[in-house]
Amino acid sequence: LSLQAAWCILPSRVLLVLTSQKGIQMYESDGSIMVYWHALDIAEHPPAQAVFARGIAAAGGRFICVGTSSGQVLVFDIPPKGTNITVSEVLEQHRDAITDIAAELGQAPDGAGDLVTADDAGALCVWSVGEEFALLGKIPAFGCTCSSVKLWHGVVAAGYGNGQIRLYEAATGLLRAEINAHARWIYALDLAPQTGKLLSGAEDSFVHVWQLSRNPDTDDIEIEHSHAECVTDTQVCGARFCDPEGNSFAVTGYDLSEIFRYGPA
């Protein structure tokens, strides 16, 4: 059972990364050759606990980070070519299963970090990526799972199980905005790096597009609603922009074999 798939774009190569209950697979971008397999250590877990990997992000030009159900984040060092992939570091700051990982999609302001990790309890960690990863700050949980997270120009956008989207300053962890975006669990967030558009999809059958921006006078983070789409009788579980400007997006739902694409009229 595959839980997640992501193309990880590094300067020297593009890898397709799959996570499942058994482990982590990395393929050449066309899926032709498996270049790496990392098995999850089931022995470390209590017998009744599910073991899985979830949350994938490329970071720092040479690393791919993958989260696990034990709360660890595995950092893989990726060579420019070949199969000599190694686990260079294990980040251990989360006590709960990792739900999502996001790398900076724009230009991070000084001190804002390049990577954010989220867990089942709703806690977020912001990291600076270098030869070694440094924890810059923790954003505490507030009793709700953070299901999806994105990072753009020093803004952390987080979607939660209660239908809220919260925007934080990556550098300080300060809450800047809170939107009751959906009536039910948010399953997907995506961000268009060139425009700051934010896409959210949830169990309530709705997909929303929001515009993020920084006020040039006050440096405040601002968000406004710009589009809504109802995917009738569908619990939306996946939503992604199809282009870096966010002009079109694709959506899928539970028990659906189709992917719906929405674009300019």
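Residues numbered from 1 in each chain as written. Predicted model: local features only at pLDDT ≥ 70, side-chain atom pairs only at ≥ 80, totals over all residues. Heavy atoms only, no water.

Engineer: Honestly, the overall build of the protein chain in this entry has me stumped. Any pointers?
Structural biologist: In terms of helices and strands, the protein chain carries zero helices and 23 strands. Dimensions of the protein chain along its principal axes, counting C-alpha atoms only, are 45 × 45 × 40 Å. Taken across its 265 residues, the protein chain has 51% of its residues classed as buried. Pairs at least 24 apart in sequence give 42% of the contacts found in the protein chain among residues at least 6 apart. Roughly 12400 Å² of accessible area belongs to the protein chain as shown, and the carbon and sulfur atoms make up 50% of that amount. Charge centroids of the protein chain, computed over 15 positive and 32 negative side chains, lie 3 Å from each other. (Helix = DSSP H or I, 4+ residues; strand = E, 2+ residues; numbered from the N terminus. Buried < 20%, exposed > 50% of the residue type's maximum accessible area, 1.4 Å probe, protein only. Contact = heavy atoms within 4.5 Å. Areas by Shrake-Rupley, 256 points an atom, 1.4 Å probe, with all protein chains shown as cover. Lys, Arg positive; Asp, Glu negative; His and termini not counted. Charge placed at Lys NZ, Arg CZ, Asp CG, Glu CD.)

Engineer: I keep staring at the sheet that holds strand S1 (residues 2-9) and nothing clicks. Help me out?
Structural biologist: Across the sheet, which stays open at both edges, the four strands sit in the order S1-S2-S3-S4 with antiparallel pairing between neighbours. Edge strands, defined here as strands with exactly one partner in the open sheet, are S1 and strand S4 (34-39). Neighbour-to-neighbour, the strand axes of the sheet open up by a mean angle of 15°, direction not taken into account. In this sheet, S4 lies alongside strand S3 (residues 23-28) in antiparallel orientation, the contact comprising five bridges. Residue pairing for S4: Tyr27 is matched across the bridge by Met34. (Pairing = 2+ DSSP bridges. Axes fitted to C-alpha atoms, helices over the stretch in contact; angles between N-to-C directions.)

Engineer: When you look at the sheet that holds strand S19 (residues 206-214) in this model, what are you seeing that I'm missing?
Structural biologist: Note: strands within a sheet are paired through backbone hydrogen bonds, in either parallel or antiparallel orientation. Judged by pairing direction, the sheet is antiparallel, and its four strands sit side by side in the order S17-S18-S19-S20 without closing on themselves. Sheet topology places strand S17 (186-192) and strand S20 (221-230) at the edges, where each strand pairs with a single neighbour. The sheet shows a mean angle of 20° between the axes of neighbouring strands, taken without regard to direction. With nine bridges connecting them, S19 and S20 associate as antiparallel partners.

Engineer: Is there a simple way to explain the nonpolar core in this structure?
Structural biologist: It is characteristic of soluble globular proteins that their nonpolar side chains tend to be buried jointly. Core analysis: the largest hydrophobic core is formed by 19 residues, its most contacted members being Val17, Ile24, Met26, Ile64, Phe76, Ile78 and Ile85. Going through the elements one at a time, S1, strand S2 (14-20), S3, S4, strand S5 (53-59), strand S6 (63-68) and strand S7 (73-77) are the ones with two or more residues in this core. Contacts of Val17, omitting those with residues within four sequence positions, involve Gln4, Ala5, Ala6, Cys8, Ile24, Gln25, Met26, Ile56, Ile64 and Val66. (Core = buried A, V, L, I, M, F, W, Y, C linked by side-chain atoms within 4.5 Å.)

Engineer: It is not clear to me how the UniProt feature "repeat: WD" (unreviewed entry) in the protein chain should be interpreted in this structure. Could you clarify?
Structural biologist: Cross-referencing UniProt, the feature "repeat: WD" (unreviewed entry) maps to residues 179-220 in the present numbering. In the segment residues 179-220, helix accounts for 0% and strand for 57%; the C-alpha atoms at its two ends are 15 Å apart. (UniProt positions renumbered as here; feature names shortened; annotations may be inferred.)

Engineer: When you look at the packing of aromatic side chains in this model, what are you seeing that I'm missing?
Structural biologist: Think of a pair of aromatic rings as described by two things: how far the centres are apart, and how the planes are tilted against each other in angle. Per the stated rule, a full pass over the model turns up six aromatic pairs. Residues Tyr36 and Phe76 carry aromatic rings whose centres are separated by 5.5 Å and whose planes lie at 70° to one another, so their mutual orientation is edge-to-face. Taken together, the residues Tyr36 in strand S4 and Phe76 in strand S7 connect sequence positions 40 residues apart. The buried category is assigned to Tyr36, whose relative accessible area is 15%. Three or more aromatic residues joined by ring pairs form one cluster here, namely Trp185, Tyr187 and Tyr254. The ring of Phe142 carries Arg166 above its face, with NZ or CZ at 3.6 Å from the centroid. (Phe/Tyr/Trp six-rings, centres within 6.5 Å; stacked < 30°, edge-to-face > 60°. Lys NZ or Arg CZ within 6 Å of the ring centre and 35° of its normal.)

Engineer: When you look at the pairing of S3 in this model, what are you seeing that I'm missing?
Structural biologist: Side-chain direction in a regular strand flips from residue to residue, so the side chains alternate between the two faces of the sheet. Where burial is concerned, most of S3 is hidden: five out of the six residues are buried. In sequence, S2 turns back onto S3 through a hairpin of two residues. Hairpin geometry of S3 and S4 is characterised by an intervening segment of five residues between the two adjacent antiparallel strands and by a positive phi of about 80° at Gly31.

Engineer: Mind showing me how you'd approach the environment of Glu224 here?
Structural biologist: Inspection of the secondary structure puts Glu224 in strand S20. In sequence terms Glu224 and Leu212 are 12 residues apart; their C-alpha atoms lie 6.9 Å from each other. If we skip the residues at most four places from it in the chain, Glu224 touches Val209, Trp210 and Gln211.

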